[in-house]
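Below, each chain spelled out in residue letters.
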Amino acid sequence: LAVFIGTVVTKEERHGLRSWKMLRDGRPAPSVVFEISSKETWAEDLNLKPEQYRQMGVKEYFAYDPNVPTLWTEKRKKTEVRLRGWSYEVGQMTELTLNADGWLWSAALNSWLGPDTEMLRLYDRDKKLRLTKAEAEEAAKIVAQVARETERAAKETERAAKETERTAKERAWAKLRELGIDPESL
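What you see is a predicted model; the values in this text were computed from it and never measured. (Residues numbered from 1 in each chain as written. Predicted model: local features only at pLDDT ≥ 70, side-chain atom pairs only at ≥ 80, totals over all residues. Heavy atoms only, no water.)

Per the counting criterion, the structure on display carries six aromatic pairs. Seen in terms of ring centroids, Y61 and W86 are 5.3 Å apart; in terms of plane orientation they differ by 20 degrees. Their pairing is stacked. Placement of Y61 in strand 3 (residues 60-64) and of W86 in strand 6 (residues 83-89) is noted, with a sequence separation of 25 residues between them. Residue class for W86 comes out buried when judged on its relative accessible area of 5%. (Phe/Tyr/Trp six-rings, centres within 6.5 Å; stacked < 30°, edge-to-face > 60°. Helix = DSSP H or I, 4+ residues; strand = E, 2+ residues; numbered from the N terminus. Buried < 20%, exposed > 50% of the residue type's maximum accessible area, 1.4 Å probe, protein only.)

Here it is in structure tokens:
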């Protein structure tokens, strides 16, 4: 998966686009590249691709292993590692360090990348999940439903308060009538 930040592709160009050939028409390198490791590709993803993407001019490269169990492990620590990343500045390649959560920061995407078993999720600076379009639409539906239910409950509460007030008024008037006082004359 390649992410091109700031590159505009017209609707007409997208229509016939099958692959992104960088050598043609001065096309830029992707800002960020993701490789999803498989049994067939994991060794290349970790050993060859970081240098290949550096040479292409990519700003960041991430390799992700969604497999259970993982295909690659941190041999020194003997722990499962699902995510590795590299950043490239002025042609220099730097492997990124996982934080305590096992996440990597992507400066290009202004996001944390966090493994979630078969998915690699994006989080904002405050580590709040960035929703997919479908998740955002579902969340909006839930918010709208809660708003409708809240409005309905508020109307019901208002109706119940008015009913309580009416009942209290009727009792008070009945008591006044028992005492021989006409409430209408007050």
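Moving on, there is more to tell.
The pairing of strands in a sheet happens through backbone hydrogen bonds and is either parallel or antiparallel. Spatial ordering of the open sheet is given by 1-2-3-6-7, a layout of five strands whose pairing is mixed. One side of each edge strand has no neighbouring strand; the edge strands of this open sheet are strand 1 (2-3) and strand 7 (92-95). Judged from the two bridges that link them, strand 1 and strand 2 (residues 32-36) form a sheet pairing that is antiparallel. If you follow V3 over to strand 2, its bridge partner there is V32. (Pairing = 2+ DSSP bridges.)

Within the largest apolar cluster, ten residues are counted, these being V33, L46, Y53, V58, Y61, A63, W72, V81, W86 and Y88. Of all the secondary-structure elements, those providing two or more residues to this core are strand 3 and strand 6. Counting residues in each nonpolar core, the second largest holds eight residues, with V32, L83, L113 and L120 among its members. (Core = buried A, V, L, I, M, F, W, Y, C linked by side-chain atoms within 4.5 Å.)

Interpretation in functional terms is not warranted from these geometric data alone.
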